[in-house]
Amino acid sequence: MFVEDTHAIQKAVRQLDMRLCDFGLQVLERFGGEEPYVKALNEAAAKMINSGLPYSELLGKYNCEFDEIMNGVSPIHPFLEIGGAIRIQVPLPKSKKELNILLTLVLQRYECREKADFLENGFNSFNGKDCNRINLGENAGLFVWNDACNMNNVKHPQHDTNDWMEFNQSLLMVLCSVIYQQADLDAYGKRGRYGAETVRRLIDGHAYQPDRYNPADKTISAFIYDTRDGKPFGVYNGIVFARNFFTQIEDGTWKTCQLPAPTLQLNYTFLQSSPDGVIDPGRNAGPTEIKPRFTDKIVAALLIKASRLTQCPVEDFFITIHTDKCAAAKSAEKYMRIIESNKDCYREISRKVWTNIMHNRLKKFRSAMETPAWPSLFFADLSTVERGDPAEEVPLGSDRFYRAIYPSYVELVKSRTGRVLYDRLVNGRFVAEELHAYSQSIRIDLRQLANIVENSKFRNSNKQLVPLVVDGRINEHWQMNSRDSWKTLDLKWDELRIHDEKKRVELGKLLNKMAKDGNTANSSSQVSENPNVDLDVPRLTEFAFILTGNLMMLDGNNKYTRVGQAIRDLTSRFPLIARL
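Reading guide: rules and limits
- Residues numbered from 1 in each chain as written.
- Predicted model: local features only at pLDDT ≥ 70, side-chain atom pairs only at ≥ 80, totals over all residues.
- Heavy atoms only, no water.
- Helix = DSSP H or I, 4+ residues; strand = E, 2+ residues; numbered from the N terminus.
- Rg over C-alpha atoms; globule rule 2.2 N^0.38 Å.
- Buried < 20%, exposed > 50% of the residue type's maximum accessible area, 1.4 Å probe, protein only.
- Contact = heavy atoms within 4.5 Å.
- Areas by Shrake-Rupley, 256 points an atom, 1.4 Å probe, with all protein chains shown as cover.
- Expected span 1.5 Å × (residues − 1).
- Phe/Tyr/Trp six-rings, centres within 6.5 Å; stacked < 30°, edge-to-face > 60°.
- Lys NZ or Arg CZ within 6 Å of the ring centre and 35° of its normal.
- Pairing = 2+ DSSP bridges.
- Salt bridge = Lys/Arg side-chain N within 4 Å of Asp/Glu carboxyl O.
- Axes fitted to C-alpha atoms, helices over the stretch in contact; angles between N-to-C directions.
- Parallel < 35°, antiparallel > 145°, perpendicular 65-115°, else oblique.
- Left-handed = near helix turned anticlockwise from the far one by under 90°.
- Nonpolar A, V, L, I, M, F, W, Y, C, P; charged D, E, K, R; others polar.
- Core = buried A, V, L, I, M, F, W, Y, C linked by side-chain atoms within 4.5 Å.
- 1 Å grid on protein atoms, 1.4 Å probe; cavity = no way out; pocket = protein on both sides within 12 Å on 5 of 7 lines; lining within 4 Å.
- Points joined across faces, edges and corners; volume = space filled by probe spheres on them.
- Disulfide = S-S within 2.5 Å.

Engineer: Tell me about the overall build of the protein, and name the residues and values.
Structural biologist: Looking only at helices and strands, one finds 15 helices and 18 strands in the protein. The C-alpha radius of gyration computed for the protein amounts to 25 Å, which stays within 12% of the reference 25 Å derived for 580 residues, consistent with globular compactness. Relative to its 580 residues, the protein shows a buried fraction of 55%. When contacts within the protein are restricted to residue pairs at least 6 apart in sequence, long-range pairs at least 24 apart make up 70% of them. Here the protein has roughly 25700 Å² of accessible surface; of this, 47% comes from carbon and sulfur atoms.

Given below as structure tokens:
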């Protein structure tokens, strides 16, 4: 079993001090020299060791990103980060064939039956230890894999070496990072970098090496895949907390916790756009229909598997998520119920999550955070998304999650810093001067353009036309976190002579910036010149949230929730194919 030291000092560089022969590119000769993906891999390797080489159209086609520095070199392959994730400089595979080429290259050190199985037909033929394979119909399959990284050190009956254990872990890391980065590309137009601490959690739920106070937790990985070729396009990682565990409180002391049931933490949930021909049966469900979507089925599968592993009924489980996205918080609310008598349990579970994921726990922002308006919220800490990153989510005043928690943020700032924030979550002001350079680029008088834009309308999430600017501020319904916000504008683009889509996108970005810059949850961090973890408060934009509750099978009308329905549908199918 290999677990790299994720906190080893890594040197940040623009190019790697390596030779081309260190990449083992000769293994790709079997795929032919004219294969575009093979050419892209060769170009990427060359540019990673010589940053002065040009960025070709081919590298652009595969979304290679060379604008960020590189850290460390994985002992598995130079194309991998420390921890095993694919680098963002590496061409992103778009088909099962290209995924096979990538895996053949970066995992060439391994020779085991499991590798041959996956290369043959993906998750259709792969047989990991303790896995379940379920055909969902409409060309979709579900592969549930317990302890993929073999933290329990179970010996394989047909293998004398540890190669198959290391291969499983390396395969998991590469597949997850490919899916993560493609999902980010779909949503934000940019690949996210997933460093060592992030992927370390996939092994045993921890961002660092576990110890006697904080031992390894059980992990379960669930992949959704295309049954026509076995290529995965979505993954959820579940972490199972035992009934008894330790947490660390603010002063550094450890506390023993005993709960009546185990907990499933939903950790890193990513779903790419579905491949053509793969249909999510719940996507087009009517408002009164209970049709589980792919995400619901994955959550259900993780819960069923966790139930089998812990010998605890599914309905007794606690559920927790750690997220910096309002959509995830609202999704979890649909299958999470809050029992007043269990609130102390929820608080302990939330601290357990924070204890697991936070290295240098006493040096970074964290705070208890509760509000009656969102009863599943119990704790907040820092998001890992960097400032200005396309994935950064500035709080929307029109979003019910942010609207519910904003007063608690205002109170937290006041109690820690004494500063009083505006009591309403509103966007920044419309500033005509921000359009100056843009107006020159499209050859329109600034005052004329500013007047047209300021008095324009856009379609909100309900498709209703509403004013872009209200009381001098960008409307709270404006989707400032979306790169496609410009598409909602009700402008006569041709009359403005803005024919180029890039210029339309640019206008949307300028409006997004205005909305974000003066947003009352995003304006400034309440951080002192000498940072103090107990007194500072970052922008609400920088928060991540830990939400916890009990699993909700039935809603208030005694009808199954979507996850509850999915559990009902899948439970009977698990024993037929499970190897428990």
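Picking up after the structure, the text goes on.
Engineer: I'd like a description of the environment of Gln-464, backed by residues and values.
Structural biologist: Its place among the elements puts Gln-464 in the loop between strand S14 (457-459) and strand S15 (465-467). Those residues in contact with Gln-464, other than ones at most four positions away along the chain, are Phe-458 and Arg-459.

Engineer: Describe helix H1 (residues 36-49), naming the residues involved and giving the relevant values.
Structural biologist: Its 14 residues give H1 an end-to-end C-alpha distance of 20 Å, which sits within 8% of 20 Å, the value for a rise of 1.5 Å per residue. Tyr-37, Val-38, Ala-40, Leu-41, Ala-44, Ala-45, Lys-47, Met-48 and Ile-49 are the residues of H1 that are buried. The inward-facing, buried residues of H1 contact helix H2 (57-61), strand S2 (70-71) and helix H3 (96-106).

Engineer: Please set out the packing of aromatic side chains residue by residue, giving values where relevant.
Structural biologist: Enumeration according to the criterion identifies 30 aromatic pairs in this entry. When the ring of Tyr-180 is compared with that of Phe-270, the centres are 4.2 Å apart and the planes differ by 35 degrees; the resulting orientation is tilted. Within this pair, whereas Tyr-180 is found in helix H5 (residues 163-188), its partner Phe-270 is found in strand S9 (residues 263-271), the two being separated by 90 residues in sequence. Under the relative-accessibility criterion, Tyr-180 is labelled buried at 1%. Positioned over the ring face of Phe-66 is Lys-47, at 5.3 Å from the centre of the ring. The ring of Phe-241 has Lys-352 sitting right over it, with the charged end atom 5.1 Å from the ring centre.

Engineer: Help me get a handle on the pairing of strand S13 (residues 377-382), residues and values and all.
Structural biologist: The buried fraction of S13 is high, at five of six residues. Taken together, the three bridges between strand S12 (residues 366-368) and S13 define a ladder with antiparallel strand orientation. Across the sheet, the residue bridging to Ser-367 is Ala-380, located in S13. Pairing between S13 and strand S18 (residues 543-551): five bridges, direction antiparallel. The partner of Leu-382 across the bridge, within S18, is Phe-543.

Engineer: An account of the pattern of salt bridges is needed here, citing residue identities and associated values.
Structural biologist: Applying the stated rule across the entire model yields 27 salt bridges. Arg-400 serves as the salt-bridge partner of Glu-333, at 2.8 Å between the closest nitrogen and oxygen. Residue Glu-333 is found in helix H8 (residues 326-333), and its partner Arg-400 is found in helix H10 (residues 400-417); the two are separated by 67 residues along the sequence. Salt bridges sharing partners connect three or more residues here, namely Glu-65, Glu-68 and Lys-190.

Engineer: Now, about the packing of H1 against H3: what can you tell me, with residues and values included?
Structural biologist: The contact between H1 and H3 brings their axes to 10 Å, and the two run at 40 degrees. With respect to their mutual orientation, H1 and H3 come out oblique. Between H1 and H3 lies a crossing whose hand is right-handed. The residues of H3 that touch H1, namely those facing Tyr-37, Val-38 and Leu-41, are Glu-98, Ile-101, Leu-102 and Leu-105.

Engineer: An account of the packing of H3 against helix H4 (residues 113-121) is needed here, citing residue identities and associated values.
Structural biologist: One way to put it is that H3 packs onto H4 with a least axis distance of 9 Å and a crossing angle of 155 degrees. Judged by the inter-axis angle, H3 sits roughly antiparallel to H4. For the pair H3 and H4, the contacting residues are Lys-96, Leu-99, Asn-100, Leu-103 and Thr-104 in the first and Phe-118, Leu-119, Glu-120 and Asn-121 in the second. For the contact of H3 with H4, the class distribution of residues is four nonpolar, three polar and two charged.

Engineer: Describe the nonpolar core, listing the residues and the values that go with them.
Structural biologist: Counting residues in hydrophobic clusters, the biggest one holds 79 residues, and the most contacted among them are Leu-303, Phe-543 and Phe-545. Here Phe-545 is in contact with Ile-321, His-322, Thr-323, Met-369, Leu-377, Phe-379, Ala-380, Phe-401, Tyr-402, Ile-405 and Leu-540, once residues within four sequence places are set aside. Listed in part, the 64 residues of the second largest apolar core include Ala-40, Ala-45, Leu-175 and Phe-270.

Engineer: Break down the layout of surface pockets for me, citing the residues and quoting the values.
Structural biologist: Quantified by volume, the second largest pocket comes out at close to 530 Å³. Along its surface, the second largest pocket is lined by 21 residues, and Gly-388, Asp-389, Pro-390, Met-480 and Lys-516 are the ones closest to its centre. With six residues, the single largest contributor to the lining of the second largest pocket is helix H13 (residues 501-517). Of the residues belonging to the lining of the second largest pocket, the class tally is six nonpolar, six polar and nine charged.

Engineer: Run through the state of the cysteines, naming residues and quoting values.
Structural biologist: What makes a disulfide is a covalent bond joining the sulfur atoms belonging to two cysteines. Applying the stated rule across the entire model yields zero disulfides. Sulfur of Cys-112: no disulfide; nearest cysteine sulfur belongs to Cys-149 and is 14 Å away. According to the relative accessible area criterion, Cys-112 is buried, its value standing at 10%.

Engineer: Could you give an account of the side chain of Glu-81, naming the residues involved and the relevant values?
Structural biologist: You can see Glu-81 is positioned in the loop between S2 and H3. With relative accessibility at 4%, the residue Glu-81 sits in the buried group. Contact partners of Glu-81, with chain neighbours within four places excluded, come to Asn-71, Ser-74, Ile-86, Arg-87, Arg-193 and Tyr-194.

Engineer: So, unusual backbone geometry: which residues are in play, and what are the values?
Structural biologist: Even without glycine at this site, Asp-147 takes up a positive phi of about 50 degrees. Following the sequence through the fold, Asp-147 ends up in the loop between strand S4 (140-146) and H5. With a relative accessible area of 4%, Asp-147 lands in the buried category. In this model, Asn-558 sits at a positive phi of 60 degrees, which is unusual for a non-glycine residue.

Distances and angles like these do not, on their own, reveal function.
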